[in-house]
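# A look at the structure
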Amino acid sequence: MPPRRPPRRAAPGGPGGALPKTPGLPLGLLAPPGIPSFPAGYGPVPGDFTTWVTWPLGFCAQKICLRAHQSVAQTLTSGTLTLDVVDEDPYGAWAAGAGNKWTAPYTGWYEVTVAVYSTGAAIWLAASMSVTGGTRFDGDNVNATTGNTGGATATQYVAMIGGLDYVTPQCNASASFTTEVVVPGRCSSMEVVFLSE
Amino acid sequence: MVNAQVAVSLAAGSYSYYYGQRIPVSGTGGQFSMPVTAKLVKSVTTGFDQVSLAARQTSGGSLSALISASKLPYMQLKWVSAAAGTAGLIIPPSDPWPAPPAIVTSAFLNRNVRDAVQFLIYPPVFEAYDNATAQSIASATTFPLAGVPVSLDTTFADTWAAFGTASSTWTAPVSGLYYCYGQAALTCGANSLSMAAGLTVTSPLYNAGAAVTIWGGAQNTGTGQGNVAVVRKRVRLLGGDTIQLAAWQRDSSAASAPVITGPGTSASTSRLLTIWVAQ
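Heads up: these notes are all about the structure in this document. For clarity, every value in this text was computed on a predicted model and none was experimentally measured. Within each chain, residues carry numbers counting from 1 in the order of the written sequence. Whichever chain is written first becomes A and whichever ligand is written first becomes 1, with later ones labelled in order. In keeping with the model being predicted, local features are shown solely for residues with a pLDDT of at least 70 and side-chain atom pairs are shown and tallied solely at 80 or more, while totals for entire chains, interfaces and linings include all residues. Computation of side-chain values: all heavy atoms of the structure, hydrogens and water removed.

## Quick look at the overall build of chain B
- Along chain B, the regular secondary structure elements total 1 helix and 17 strands.
- Viewed in the frame of its principal axes, chain B has a C-alpha envelope of about 75 × 45 × 40 Å.
- Within chain B, contacts between residues separated by at least 24 positions form 75% of all contacts whose residues are at least 6 apart in sequence.
- Note on areas: these come from Shrake-Rupley sampling with a 1.4 Å probe, and a residue is covered only by the protein chains present in the view. Carbon and sulfur atoms provide 56% of the accessible area of chain B, an area that totals close to 11400 Å².
- For chain B, the distance from the average site of its 14 positive side-chain charges to the average site of its 9 negative ones is 10 Å. Here a strand is any run of E in DSSP of at least two residues, a helix any run of H or I of at least four, and the numbering for each starts at the N terminus. In this analysis, two residues are considered to be in contact whenever any of their non-hydrogen atoms come within 4.5 Å of each other. Under the counting rule used here, the positive set is Lys and Arg, the negative set is Asp and Glu, and His together with the chain ends is not counted. Where a charge lies is defined by one atom per residue type, namely NZ (Lys), CZ (Arg), CG (Asp) and CD (Glu).

In structure tokens form, the structure reads like this:
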């Protein structure tokens, strides 16, 4: 009697296993891979190797990420930076607008970097971020000078639950200022990269 | 002034302190100084090598670290590459698996499994610094589109041999998203106002292919002494695109500022670092 084959795991993108092609992502949108098992006596088919090998390696190469920047100046003292241009968001996790945020598509550790730039005001300027509406966390704090673009950057490793937690780019200054928008040299931005489950 | 540092002890030896951003201590009520740094560390002895966060300040008295819900000292550490591996591989190609009657060949497995794993555990990683090349940065009132390049004469790590010391230019070996960090160390004059570090990128993806510097923003400087500014950015690049470290400074007397040289373990130095992150 031939060995029973375990049910094939449902492939992301549809039962046919064909992933939608996303620019920059040759394999489409991949989920963090599960741990494969190899039952004795099981006769694998090509689709199994795609699931066991191709997709996990593809996920490790592609990563989940976001890059967004600001092209329209904003005046504020402290609060959310409005990033109006999305350079890349392959998982479609960015929500635009005044309260813009990026929601983690999958649970895991993410490296989040926020940069803020000010136009020529003599202020103290810190780049910050907030996770799921929580306390703002300040990073680099710089004493910016009059007459030149000030800038600060914050980088954090953030654990987020997929579909639930989100990160918001923010800043914290000692006085009201207007953001600098010289693209790409001096403009506020946020970058997110998946690190680990 | 206050410095962020990375303290490294290899093979249970004494610590070396690698200097990062150096900025004036706040001195302003309600404000905090928070210098940052980034450093590649090559671990050689499992179970013995250690990395710690350190700082140095020259206020003449003691300073307390700020600990609050929104501000506190922190260190982040992640593995980026094996110590040795195979360079020059392609990014994992993810070819479709052969279906019968085609067979799975050794060439297919080597390309899609062996080489894919080897690439992911030994991606392009690079760091270089200015150990001894004398140079000065002229004062400028405004930021130039492309900054003054800083010479980097010594390579700390270059897994894919992507850096040319003669031109102090790093060339992306493969396309992808790269983590880039630069720090510029200058001895600022008595009338110094501010300085900044930048990443000069030459890529069809930015500024129509003409060189453009991504600046870290101007920071106030401590006059008549060393200052270090930093820039951090994840930059999408095509294979063949280049990055140089740039510096800028402004002095009310238009004085030039010499670049501080050295290994970066007893004082600051200028440094450029790149790490392949993703396809």
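## What to know about the environment of Gly 108 of chain A
- Looking at where Gly 108 of chain A falls in the secondary structure, it is placed in strand E6 (residues 108–118).
- Gly 108 of chain A has contacts with Val 158, Ala 159, Met 160, Phe 194, Ser 196 and Glu 197 of chain A, leaving out every residue within four places of it along the chain.

## Quick word on the sheet that holds strand E9 (residues 150–160) of chain A
All names here are of chain A.
- If DSSP finds at least two bridges between two strands, the strands pair. Pairing is antiparallel across the open sheet formed by 5 strands, whose spatial order is E3-E1-E13-E6-E9. Strand pairing shows two members of the sheet lacking a second neighbour, strand E3 (85–88) and E9, which therefore form its edges. Ignoring which end each strand starts from, the neighbouring axes of this sheet average 20 degrees apart.
- Two strands pair when backbone bridges link them, and strand E1 (residues 65–69) and E3 are joined in this way by 3 bridges, in the antiparallel orientation. Looking at E3, one finds that Arg 67 is bridged to Glu 88. Angles shown run from 0 to 180 degrees and are taken between the N-to-C directions of axes, each axis being a line fitted to C-alpha atoms and, for helices, limited to the stretch in contact.

## What about the packing of helix H1 (residues 46–62) of chain A against helix H1 (residues 106–121) of chain B?
- Taken N-terminus to C-terminus, the directions of H1 of chain A and H1 of chain B make an angle of 20 degrees; their axes are 11 Å apart at the nearest point. Comparing their axes, H1 of chain B and H1 of chain A come out roughly parallel. H1 of chain B is crossed by H1 of chain A, and the crossing has left-handed handedness. Across from Val 53, Leu 57, Cys 60 and Ala 61 of chain A in H1 of chain A, the residues of H1 of chain B making contact are Asn 112, Val 113, Ala 116, Val 117 and Leu 120 of chain B.
- Counted by class, the contact of H1 of chain A with H1 of chain B contains 8 nonpolar, 1 polar and no charged residues. Under this scheme an angle from 65 to 115 degrees is roughly perpendicular, one under 35 degrees roughly parallel, and one over 145 degrees roughly antiparallel; angles in between are oblique. Left-handed describes a crossing in which the near helix is turned anticlockwise from the far one by less than a right angle; the clockwise case is right-handed. Each residue is assigned to one of three groups, with Ala, Val, Leu, Ile, Met, Phe, Trp, Tyr, Cys and Pro labelled nonpolar, Asp, Glu, Lys and Arg labelled charged, and all others, Gly among them, labelled polar.

## A look at the pairing of E6 of chain A
Residues and elements named next belong to chain A.
- The classification of residues rests on relative accessible area computed with a 1.4 Å probe and restricted to protein chains. Under 20% of the type maximum is buried, over 50% is exposed, and intermediate values are partly exposed. The buried fraction of E6 is high, at 10 of 11 residues.
- Across 11 bridges, the pairing between E6 and E9 is antiparallel. Residue Tyr 110 lies in a different strand from E9, and its bridge partner there is Val 158.
- As judged from the 7 bridges shared by E6 and strand E13 (residues 189–196), these two strands associate in the antiparallel manner.

## A few points about H1 of chain A
- Bend at a given residue is defined as the angle between two axes, one fitted to the seven residues that end at that position and one fitted to the seven that begin there. Its axis deflected by about 30 degrees at Thr 54 of chain A, H1 of chain A carries its strongest bend there, up to four residues before the proline Pro 56 of chain A.
- Most of H1 of chain A is tucked away, with 12 of its 17 residues classed as buried.
- When H1 of chain A is considered as a whole, its buried residues turn out to be Asp 48, Thr 51, Trp 52, Val 53, Thr 54, Trp 55, Pro 56, Leu 57, Gly 58, Phe 59, Ala 61 and Gln 62 of chain A.
- Where H1 of chain A is buried, its residues touch E13 of chain A together with H1 and strand E17 (271–278) of chain B.
- Downstream of H1 of chain A by one or two residues, Lys 63 of chain A has phi in the positive range, about 65 degrees.

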